[in-house]
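# Observations on chain architecture
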Amino acid sequence: RVEAWLRSHASTFAPVVRPAPPDGAVHVFDLSVGSTEWAEPGLLRPDASAERVRDRLEAVGASTGVGRYAEARVPRGDGPDRAGGGAEPSTVHLGLDLFRPAGTPVCVPFDGAVHSVGTAAGADATVVVAHAPPGAPTFYTLYRGLSPDSVAGLAAGQALHRGEPVGQVGPADEARWGAPRLHLQVVTDLLGMGADFPGVAPPSARAVWTGLSLDPNLVVRIDGGQFPTSPLAADEIRATRAERLGPSLSLSYRRPLTIVRGHLQHLYDAEGRAYLDAVNNVPHVGHGHPEVVAAGQRQMAALNTNTRYLHDLIARYARRLTARLPDPLRVCFFVNSGSEANDLALRLARAHTGRRDVVVLDHAYHGHLSSLIEISPYKFDGPGGPGRPPHTHVAPMPDPYRGPYRGRGADAGRAYAAHVGETVEAADREGRPVAAFIAESLPGVGGQVVLPDGFLEGAYARVRAAGGVCIADEVQVGFGRVGTHFWGFETQGVVPDIVTMGKPMGNGHPLAAVVTTPEVAASFDTGMEYFNTFGGNPVSCSIGLAVLDVIERDGLQEHADRVGAHLRARLRELQERHPVVGDVRGLGLFIGAELVRDRSSREPAPEAAAYVVERMKEEGVLLSTDGPAHNVLKVKPPLAFGEADADRLADTLDRVLGEDVVAYAVGGGT
Ligand code: PMP
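Parameters at a glance
Residues numbered from 1 in each chain as written. Predicted model: local features only at pLDDT ≥ 70, side-chain atom pairs only at ≥ 80, totals over all residues. Heavy atoms only, no water. Near = heavy atom within 4 Å. Polar contact = N/O pair within 3.5 Å; in protein donor to acceptor, adjacent residues only side chain to side chain. Areas by Shrake-Rupley, 256 points an atom, 1.4 Å probe, with all protein chains shown as cover. Helix = DSSP H or I, 4+ residues; strand = E, 2+ residues; numbered from the N terminus. Pairing = 2+ DSSP bridges. Axes fitted to C-alpha atoms, helices over the stretch in contact; angles between N-to-C directions. Disulfide = S-S within 2.5 Å. Core = buried A, V, L, I, M, F, W, Y, C linked by side-chain atoms within 4.5 Å. Buried < 20%, exposed > 50% of the residue type's maximum accessible area, 1.4 Å probe, protein only. Contact = heavy atoms within 4.5 Å.

On to the site of the ligand. Surveying the vicinity of the ligand reveals 13 residues, the closest of which are Gly338, Ser339, Asp473, Gln476 and Lys503. The side chain of His368 places a nitrogen or oxygen atom 3.5 Å from an oxygen atom of the ligand. Within the side chain of Gln476, one N or O atom sits 2.8 Å away from an oxygen atom of the ligand. Protein contact buries 85% of the 390 Å² of open area that the ligand shows by itself. If you tally residues by element for the shell around the ligand, the top one is helix α9 (residues 338–353), at three residues.

What follows is the structure, encoded as structure tokens:
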């Protein structure tokens, strides 16, 4: 009924500020969590500082800036510090902001009487005016952001006639809301709170508070066409995905997240909820890392073209990248994805050996191209998979926690290497000599496995003795993640013939590479050109250089080593208290915690793992599962992840593992 009254009397309202929207020129800002207005490298939320607001309004020729009602915003001062759990932050804005210079008179749009005046925090005064128009229930208009001086003369009960001033817009308060502005609310029930009535609400209570605090545009009446397009709602996105995207694409979580912003080790959903990201290894140095973003933006504005012109960046990047690799790995091919890198690695190996066959580890995944599905047991033996093709030979996964050699230390490494040798020999006997052996230096999809000592050394020796080459897939683990070394293969004391890299290399920009020896590269120089339209372009190289700069300058490899050791120690403590945690393993910030139904049988507990991942998400920590039985909790965060984050993860996991459902899932409950 309040809404109906406001609609039917709209033509009689006096302007709240002058020049009056909707007649004066207005600009409606996008201050939502995912806003790209004023998006700048490293900025967690739009910067609505006095200067920014003034400049922007001047640029678009508007006198009044508007901040939207019911918009979820990243709270000021939020971010890594505020995201540490605890109470749900109030992100949903219940008012309409009118950004006007300090001193702007603010007037009541229709007759009323002062209900309450509050001058809570320093410079910010609030006035609530009660309205009891004939034919409508009593309701209230609330004015916040006024200067205390300007409201000093008001007394509760005082009548205010249409168009009379309630006060003036106060000065900027950069610490709280930025530029000078009136925050206007229309409230149907003050719940006895008067001037303390909240201006923001937690997302979980959005419906309740927006039910009590109506859209102030019923009073201000800015034309809907002036508002920026709202992003599609989650259910619309889902429906469109179902209709317009390939159905073989999955979503994470039972109730999928709408993620609209990333900042270092945190992700933010559309309602401004912060999540500690403990699983995305692609944003290697951190989501939206300011230096990486700036490097890409600058170079994109200057030049982005193919590699058939001389350009300094590809040369500098090739030098910097190969400086991180042992000799004789010094010839680079730049591509756009890990899959492209592995496909090219196969072509190189095949050209070099004149053979086709490949030895892989069981459960491995090496990419989504046809050539790689054929060498990925995770795919060809998985759902919808066509089975193993004749040119692929599978050696057992050297998993120290499972299999025949568990608990055998370096013996296990040697024993599994011998299996690779047998696989190579068996292929030979079939008349299918092996071109290459490809393995991740720490198998990821295979279950976050740390290879037993000596495995790659023994495997490489046998493959090479049989005339094959050795490919290290560093797509997941390279670039310092393993802490003690820059590359995963270095932890095994080997030098591959071909190294492939991707994911972390461009911090999310599609940059990947193959690095090999001059000999292997020469064999590939058959007269057929290798040209890659996007690979190695100046923008990619600029970003790749920035990633290396940040890793090196900020000591992120050492950081991964230290924080990873701390997190594993914390997880091992949990293992002592929670029988479901069968194994904790990893190197640096590449960590797996394997959940089992029974410590002695080591029977996997995938239901418990799925439950834990969902509950951790509800608690604001993002993890996922991996491994052939989907029972390994996977931890591989952006390297901005620190010790406090590790503690938060461990503390939260401790609570979740203690929940009854986990005990039921492993058969321990009644
Ligand atoms: N190799 C490994 C080990 C991977 O984990 C992946 C991706 N999950 C790939 C290759 C393929 O990389 P991309 O998705 O960039 O093609």
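Further notes follow.
The next subject is the sheet that holds strand β27 (residues 624–626). Strand order in the open sheet formed by four strands is β24-β25-β28-β27, and the pairing between neighbours is antiparallel. The sheet is open, and its two edges are formed by β24 (581–587) and β27, each paired on a single side. Across this sheet, the average inter-strand angle for adjacent strands is 30°, counted without regard to direction. Strand direction decides the pairing type here: strand β25 (residues 590–595) and strand β28 (residues 632–635), joined by four bridges, are antiparallel. Bridge pairing links Ile591 to Val635 in β28.

Here we take up the state of the cysteines. Under the criterion given, the structure shown has zero disulfides. Between Cys332, a cysteine without a disulfide, and Cys541, which holds the nearest cysteine sulfur, the sulfur-to-sulfur distance is 9.4 Å. Distance from the sulfur of Cys470, which forms no disulfide, to the nearest cysteine sulfur (Cys332) is 20 Å.

In terms of nonpolar packing, the biggest core is built from 93 residues, with Leu321, Phe437, Phe455, Met501 and Leu649 touching the most fellow members. In terms of residue count, helix α15 (residues 538–553) provides more of this core than any other element does, nine residues in total. Dropping the residues within four chain positions of it, Leu649 is found in contact with Ala278, Leu567, Leu571, Met616, Val621, Leu623, Val635 and Phe641. Within the second largest apolar cluster, 36 residues are counted, among which are Val2, Val17, Leu154 and Leu182.

A sheet is described by the order of its strands in space; here seven strands give the open sequence β17-β23-β22-β21-β20-β18-β19, paired in mixed fashion. Here the strands that pair on one side only, and so sit at the sheet edges, are β17 (331–335) and β19 (392–395). Between one strand and the next, the sheet's axes are offset by a mean angle of 20°, whatever the strand orientation. In this sheet, strand β22 (residues 498–501) lies alongside strand β21 (residues 469–473) in parallel orientation, the contact comprising three bridges.

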